[in-house]
Amino acid sequence: MLRFSNALEAVHKSWLSFQTMTTKMMSLVLLVLIGVTHSLDNGLARTPPMGWMSWQRFRCNIDCKDDKYNCISEDLYMEMADHLVSDGYRDLGYEYVNIDDCWAAKQRDSDGKLRADPERFPSGIKKLADYVHSKGLKLGIYGDFGTLTCGGYPGSKFYEELDAQTFADWGVDSLKLDGCYSTIDDYAIGYPLMEFWLNKTGRPILYSCSWPAYVVFSHKIPDYAAIAKSCNIWRNYGDIQDSWGSVTDIIRFYGNDSGNFSSFAGPGNFNDPDMIIVGDYGLSFDQQQVQMALWAIMASPLLMSNDLRIIRAESKAILQNKMAISINQDPLGIQGKRVYMNNKFEIWTRPLKDSRFAIAAVYYGTGGGPTRQMTSLGKIGLTNQNGYTLTDVFTGQPAGKYSLNTTLTLRPNPSGVLFFLAVPQ
Ligand code: GLA
């Protein structure tokens with residue numbers, strides 16, 4: 001699986017002296033060398049990765065003295081691993097336990113290696129990886145392509161090879177590489193370079209890049225073809241917050257699909273609209289269903305950021321809905337699209353294996369009760385001449401048989417969704 005060339009060794013050496021070179025010239029040389037000599041080759045993320053990630057729910061809480069239960073520590077990740085197994089998430093596909101920012105010590109060790117904060121991670125990341133693996137799960141870690149992480153911990157710039165090897169030696173299975181403390185011109189070089197060193201370790205490490213998010217922040221369209229060549233998944237929008245406004249903002253960005261980024265999704269490569277906040281504080285029951293339905297339609301990673309120790313049964317049921325998960329995990333890996341929108345109502349569809357479709361009808365209204373909207377399966381792009389049998393994903397109940405031009409009357413709740421699986425008849 002490894003592809004290695006002397007040219008890329010040279011890239012790295014050049015990169016190390018990058019600061020002192022004429023930057024534009026060097027960028028060109030490095031880009032050409034990287035472009036002709038490699039592509040992501042780890043066999044991972046054939047379907048969107050699923051698991052748990054600390055950031056949205058636990059942020060950079062490093063106060064283990066006064067807030068031991070919620071601080072970023074090895075105990076937190078071990079407890080979440082325990083719950084993924086004992087509460088049935090692992091067996092439904094939620095397999096990654098992903099450490100986010102603020103895990104590291106502020107200084108590298110005397111050999112220049114990253115190390116975990118010794119007080120909050122007294123056993124070290126290798127031991128944590130062993131624990132997570134013993135539960136049949138995988139461990140993800142967080143780094144940053146720049147000189148520091150977004151939270152101010154050591155970044156990987158100019159340490160790419162060492163850090164990739166350190167993560168591999170620890171038994172890490174996934175790396176989220178953020179892009180703080182860097183510049184937009186460096187991403188196209190640095191992200192592929194880290195991918196190269198990850199590949200070279202020989203350990204399959206799922207690679208999550210924040211590269212396009214920083215390009216979008218600069219009001220530019222990312223080079224998704226280049227990104228998909230190096231990264232398994234990539235963030236391309238701002239951080240999710242625990243609110244309905246944040247969820248709808250992300251959905252709008254994905255509906256607009258500027259740069260046609262949906263077309264770059266497929267086995268091995270997925271757009272990442274950020275973590276699932278089902279089970280947190282900010283969303284109503286209906287809004288939680290919207291996030292789950294849309295993340296399934298959008299072929300998005302299902303990385304929950306919530307507290308599995310105290311989650312309500314109704315949120316757990318949404319996260320564990322088998323039909324929603326199977327739509328998310330459809331092997332074709334096609335990202336669904338918004339196919340209809342008016343002022344407050346949208347229809348999204350996603351083509352699935354065996355000519356099936358997922359359909360989500362979302363209503364953003366805030367007054368009164370459910371809206372009533374009429375359409376037909378033909379109007380929203382379904383094509384099977386014999387029509388389809390619909391099942392309501394959240395209730396599991398049959399929702400009728402429809403020809404392509406039969407009127408389909410939809411009544412989603414305010415800030416709610418109707419989510420269907422359509423099977424050809
Ligand atoms: C950025 C990322 C977040 C999180 C924080 C950590 O904001 O987008 O997902 O990783 O950094 O500092």
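Residues numbered from 1 in each chain as written. Predicted model: local features only at pLDDT ≥ 70, side-chain atom pairs only at ≥ 80, totals over all residues. Heavy atoms only, no water.

1. Section: the overall build of the chain
Each helix and strand in the chain was counted, giving 13 helices and 16 strands. Against the globule reference of 22 Å for 425 residues, the chain gives a C-alpha radius of gyration of 22 Å, in line with a compact fold. With the C-alpha coordinates aligned to their principal axes, the bounding extent of the chain is approximately 70 × 50 × 35 Å. Intrachain contacts of the chain at a sequence separation of at least 6 include 73% that bridge at least 24 residues. Within the structure as shown, the chain displays about 16,700 Å² of accessible surface, and the carbon and sulfur contribution to it stands at 52%. (Helix = DSSP H or I, 4+ residues; strand = E, 2+ residues; numbered from the N terminus. Rg over C-alpha atoms; globule rule 2.2 N^0.38 Å. Contact = heavy atoms within 4.5 Å. Areas by Shrake-Rupley, 256 points an atom, 1.4 Å probe, with all protein chains shown as cover.)

2. Some details on unusual backbone geometry
Its identity as a non-glycine residue notwithstanding, R59 has a phi of 45 degrees, on the positive side. In this fold, R59 is placed in the loop between helix 3 (55-58) and helix 4 (74-86). Classification of R59 by relative accessible area gives partly exposed; the value is 28%. We note that D274 has phi near 95 degrees; this positive angle belongs to a residue other than glycine. Relative to the assigned elements, D274 resides in the loop between strand 7 (270-272) and helix 11 (285-297). (Buried < 20%, exposed > 50% of the residue type's maximum accessible area, 1.4 Å probe, protein only.)

3. A short note on the sheet that holds strand 14 (residues 398-402)
One open sheet accounts for six strands, arranged 9-10-11-16-13-14; its pairing is antiparallel. This sheet does not close on itself; its edge strands, each paired only once, are strand 9 (337-341) and strand 14. On average, each strand axis in the sheet is tilted by 25 degrees relative to the strand beside it, whichever way the strands run. Along the sheet, helix 10 (residues 244-256) makes contact with strand 9 and strand 10 (345-351), crossing strand 10 at roughly 60 degrees. Across the sheet, helix 11 touches strand 10, strand 11 (357-363) and strand 16 (416-424), and the angle it forms with strand 16 is around 40 degrees. (Pairing = 2+ DSSP bridges. Axes fitted to C-alpha atoms, helices over the stretch in contact; angles between N-to-C directions.)

4. Notes on the side chain of S156
Its location among the elements puts S156 in the loop between strand 3 (138-144) and helix 6 (160-170). Overall, S156 belongs to the buried group, its relative accessible area being 3%.

5. A few points about a nonpolar patch on the surface
Side chains of Y69, Y281 and I310 sit close together on the surface and give an oily, nonpolar patch of about 380 Å² of accessible area. As for its placement among the helices and strands, I310 is situated in the loop between strand 8 (302-304) and helix 12 (313-319). (Patch = residues over 30% accessible without salt bridge, like charges linked within 9 Å, V, L, I, M, F, W, Y side chains within 5 Å. Salt bridge = Lys/Arg side-chain N within 4 Å of Asp/Glu carboxyl O.)

6. Quick notes on the side chain of K157
Note that K157 resides in the loop between strand 3 and helix 6. There is a polar contact of 3.4 Å between the side chain of K157 and the side chain of S182. (Polar contact = N/O pair within 3.5 Å; in protein donor to acceptor, adjacent residues only side chain to side chain.)

7. Examining the site of the ligand
In the vicinity of the ligand, the contacting residues are W55, D100, D101, Y142, C150, G151, K176, D178, R235 and D239. Within the side chain of D178, a nitrogen or oxygen atom sits 2.9 Å from an oxygen atom of the ligand. Take D239: an N or O atom from its side chain is 2.5 Å from an oxygen atom of the ligand. Protein contact buries 90% of the 300 Å² of open area that the ligand shows by itself. When the residues that make up the shell around the ligand are grouped by side-chain class, the tally is three nonpolar, one polar and six charged. (Near = heavy atom within 4 Å. Nonpolar A, V, L, I, M, F, W, Y, C, P; charged D, E, K, R; others polar.)

8. Details of the sheet that holds strand 7
Reading across the sheet, the eight strands line up as 7-6-5-4-3-2-1-8 and stay open at both edges, with parallel pairing between neighbours. Looking along the sheet, the strands with just one partner apiece sit at the ends: strand 7 and strand 8. Between one strand axis and the next, the sheet turns by 25 degrees as a mean value, whatever way the strands run. Taken together, the three bridges between strand 1 (residues 50-53) and strand 2 (residues 96-98) define a ladder with parallel strand orientation. Within strand 2, the residue paired with M53 across the bridge is N98.

9. Some points on the state of the cysteines
Per the counting criterion, the structure on display carries four disulfides. Residue pairing for C60: its cysteine sulfur links by disulfide to C102, the two sulfurs lying 1.9 Å apart. The sign of the -115 degrees torsion about the S-S bond sets the C60-C102 disulfide as left-handed. Taken together, the residues C60 in the loop between helix 3 and helix 4 and C102 in the loop between strand 2 and helix 5 (124-134) connect sequence positions 42 residues apart. C209 shares a disulfide with C231; S-S distance 2.1 Å. The sign of the -95 degrees torsion about the S-S bond sets the C209-C231 disulfide as left-handed. On the criterion of sequence distance, the pair formed by C209 in strand 5 (residues 206-209) and C231 in the loop between helix 9 (224-230) and strand 6 (233-235) is long-range, its members being 22 residues apart. (Disulfide = S-S within 2.5 Å.)

10. Side note on helix 11
Under the 1.5 Å per step criterion, the end-to-end length of helix 11 is 19 Å for 13 residues, consistent within 8% with the ideal 18 Å. Within helix 11, 11 of the 13 residues are buried, which leaves it mostly tucked inside the rest of the structure. Burial in helix 11 covers these residues: Q287, Q288, Q289, V290, Q291, M292, A293, L294, W295, A296 and I297. A positive phi of about 50 degrees marks A299, the residue just after helix 11. (Expected span 1.5 Å × (residues − 1).)

11. Considering the nonpolar core
Burial of nonpolar side chains together is a common tendency in soluble globular proteins. Core analysis: the largest hydrophobic core is formed by 103 residues, its most contacted members being Y94, W103, I125, L294, W295 and F419. Excluding its chain neighbours within four sequence positions, the residues that come into contact with F419 are A293, A296, I297, A324, I327, A358, I359, A360, T391, D392, V393 and F394. In terms of nonpolar packing, the next biggest core, distinct from the first, is built from 17 residues, A361, L377, Y402 and L404 among them. (Core = buried A, V, L, I, M, F, W, Y, C linked by side-chain atoms within 4.5 Å.)

12. Structural notes on the pairing of strand 3
Of all the seven residues making up strand 3, six are buried; the element is thus mostly covered by neighbouring parts of the structure. Following the backbone out of strand 2, through helix 5 and into the adjacent parallel strand 3, one traces a crossover that is right-handed. In terms of strand pairing, strand 3 meets strand 4 (residues 174-178) through five bridges, oriented parallel. By the bridge assignment, D144 is partnered in strand 4 with D178. (Right-handed = clockwise from strand over helix to strand, strands pointing away.)

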